[in-house]
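One letter stands for each residue in the lines below.
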Amino acid sequence: MTLETSNVFSELNQEKLEAMRGKMRSLHNKSSARRVLYFEDRDMMLHELFICEADTSSKINLAEYLKKFKELVTVHVTPAGGPHKTISTAPKVKELVRQLYVLIKSLHRAGFSLRGQFSMNNFAVDESMMRVSVKFTDVPKSALQESEPEGEDLDLTQFVKMIKRDMFNGVFPPHDITVWLSMVIEKEVEGLLPDSSLLMDEQSCSNSFNVWYDIFLDLKESKSVAYGKICEKLEEYNGWKEKINGKEGNCLLADTLGDTSYFYGDSVDELLRLLRNSRQHSSRYQHALYALIVGQNFPNLIAHFQKALYEEGCL
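Keep in mind that what you see is a predicted model, and the values were worked out from it rather than measured. (Residues numbered from 1 in each chain as written. Predicted model: local features only at pLDDT ≥ 70, side-chain atom pairs only at ≥ 80, totals over all residues. Heavy atoms only, no water.)

A. Just the overall build of the protein, in detail. Of regular secondary structure, the protein possesses 13 helices and 7 strands. Residues classed as buried in the protein amount to 48% of the 315 residues present. For the protein, the share of sequence-separated contacts (at least 6 apart) that also reach a separation of at least 24 residues comes to 71%. Summing over all exposed atoms, the protein offers an accessible surface of approximately 16,000 Å²; the carbon and sulfur share of this is 52%. (Helix = DSSP H or I, 4+ residues; strand = E, 2+ residues; numbered from the N terminus. Buried < 20%, exposed > 50% of the residue type's maximum accessible area, 1.4 Å probe, protein only. Contact = heavy atoms within 4.5 Å. Areas by Shrake-Rupley, 256 points an atom, 1.4 Å probe, with all protein chains shown as cover.)

This is the structure:
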């Protein structure tokens, strides 16, 4: 996609927003004052989202920035799981994807969309701070439109295409990003997406699972209706024992399942209990890779568990 080069924030300031401000400031009633603040707030939000001409900090085009990455994916052999290998998206790439998504959604909240008229060349990465940040750059003024549902859908569709096609150089993305991108298109849990387990590094995902299980346990002990609803949402995982006891089962989970101190039923709540117990016992020295241990047999479970908790208002 070829876009003419111009600074949309600068041009919008000079032409559209300044004209709006001039008209609005000539009015003095309360309604007009609120409208002045509205336009100034939008102006300020755009300033946060687009590269400003006055900003002299070092920036690099997103496409060029990605070339600095030695690997876009990481490969792990699942601990005590035989020859099973897990390919996941590199943590730095996950963080970049998260920031790009938040940037686009912030543009929508500011009342604008690009109707899908952007590419990798329209984002710049700032490495000058302790943490990298991403903003829009070189977007033509004509591409910026008042936000409406169709325009926002086009932005999200283009975002997904850009990640799949351009970020991974035509290679099929790893499972974690593929599942997360499908959630972007579905738009069922938009508020959850920036904090999804699928965008976490393995250690953070492992720690988060423990917190979520404690919430789940509290629901059970308080006899909350949400507990049953969460189990219903995860019913596809009922009958899970066969996977762990099979040839592809991870032996750390199998060791926990075979511990005679506990008895586990074949329902999903018992599976979650097994996973928590495994993390505290047979897998206790593998915290950083625990999400991969679970993922060997249940690649979507942690994400589905988080989503179910979120949908029931527990997160």
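Picking up where we left off.
B. Region of interest: the packing of helix H4 (residues 91–109) against helix H5 (residues 149–167). The geometry of H4 relative to H5 is characterised by a closest axis approach of 10 Å and an angle of 160° between their N-to-C directions. For the element pair H4 / H5, the angle class is roughly antiparallel. As H4 runs across H5, the sense of the crossing is right-handed. Along its contact with H4, which presents Val 93, Leu 96, Val 97, Leu 100, Tyr 101, Ile 104, Lys 105 and His 108, the element H5 presents Glu 152, Asp 155, Leu 156, Phe 159, Met 162, Ile 163 and Met 167. (Axes fitted to C-alpha atoms, helices over the stretch in contact; angles between N-to-C directions. Parallel < 35°, antiparallel > 145°, perpendicular 65-115°, else oblique. Left-handed = near helix turned anticlockwise from the far one by under 90°.)

C. The arrangement of the environment of Lys 94 in detail. Of note, Lys 94 is situated in helix H4. With 21 residues separating them along the chain, Lys 94 and Val 73 place their C-alpha atoms 9.7 Å apart.

D. Region of the structure containing the layout of surface pockets. For the largest pocket, the calculated volume is near 440 Å³. What lines the largest pocket is a set of 24 residues, among which Asp 176, Ala 291, Leu 292, Gly 295 and Pro 299 lie closest to the centre. Counting residues per element, the ones that place at least two in the lining of the largest pocket are strand S3 (85–89), helix H6 (175–186), helix H7 (202–221), helix H12 (290–297) and helix H13 (301–311). Among the elements that line the lining of the largest pocket, the one with the most residues is H12, at 5 residues. (1 Å grid on protein atoms, 1.4 Å probe; cavity = no way out; pocket = protein on both sides within 12 Å on 5 of 7 lines; lining within 4 Å. Points joined across faces, edges and corners; volume = space filled by probe spheres on them.)

E. Region of interest: the pattern of salt bridges. Applying the stated criterion across every chain, the model contains 14 salt bridges. The partner of Arg 98 in a salt bridge is Glu 95, with the nearest N and O atoms 2.9 Å apart. Of this pair, Arg 98 and Glu 95 are both found in helix H4, 3 residues apart, which corresponds to roughly one turn of the helix. The exposure class of Glu 95 is partly exposed, given its relative accessible area of 22%. (Salt bridge = Lys/Arg side-chain N within 4 Å of Asp/Glu carboxyl O.)

F. Quick peek at the pairing of strand S6 (residues 133–136). With burial as the criterion, only one face of S6 is covered, namely that bearing Val 134 and Phe 136; the residues Ser 133 and Lys 135 on the opposite face remain uncovered. Summarising the sheet, strand S5 (residues 123–126) and S6 pair through 4 bridges and their orientation is antiparallel. Its bridge partner lying in S6, Ala 124 is registered against Lys 135. Counted between consecutive antiparallel strands, the loop separating S5 from S6 contains 6 residues. (Pairing = 2+ DSSP bridges.)

G. Summary view of the sheet that holds S6. Ordered by their spatial adjacency, 3 strands build an open sheet running S1-S5-S6, and the pairing between neighbours is antiparallel. Two strands close off the open sheet at either side, each with one partner strand: strand S1 (59–61) and S6. Geometrically, the sheet is characterised by an average inter-axis angle of 35° between neighbouring strands, direction not taken into account. For S1 and S5, the ladder comprises 3 bridges, and the chain directions are antiparallel. Along S5, the bridge assignment pairs Lys 59 with Asp 126. Its contacts with the sheet put H4 on S5 and S6, and the angle it makes with S6 is roughly 40°.

H. Region of the structure containing the nonpolar core. Core analysis: the biggest nonpolar cluster contains 48 residues, and Phe 136, Phe 159, Ile 163 and Trp 180 have the highest contact counts within it. Those elements that place two or more of their residues in this core are helix H2 (30–49), helix H3 (62–66), H4, S5, S6, H5 and H6. If you tally residues by element for this core, the top one is H4, at 8 residues. Every residue in contact with Trp 180, bar those within four places of it in the chain, is listed here: Val 97, Tyr 101, Phe 159, Leu 193, Ser 196, Leu 198 and Leu 199. Formed by 35 residues, the second largest nonpolar core is a distinct cluster that contains Phe 216, Ile 244, Leu 252 and Phe 305. (Core = buried A, V, L, I, M, F, W, Y, C linked by side-chain atoms within 4.5 Å.)

I. Quick look at the packing of H7 against helix H8 (residues 225–233). At a minimum axis separation of 7 Å, H7 and H8 run at an interaxial angle of 125°. Between H7 and H8, the angle falls in the class oblique. Considering how the two elements wind past one another, H7 and H8 form a crossing that is left-handed. Contact residues: Phe 216, Leu 219 and Lys 220 in H7; Ala 226, Tyr 227, Ile 230 and Cys 231 in H8. By residue class, the composition of the contact of H7 with H8 is 6 nonpolar, no polar and 1 charged. (Nonpolar A, V, L, I, M, F, W, Y, C, P; charged D, E, K, R; others polar.)

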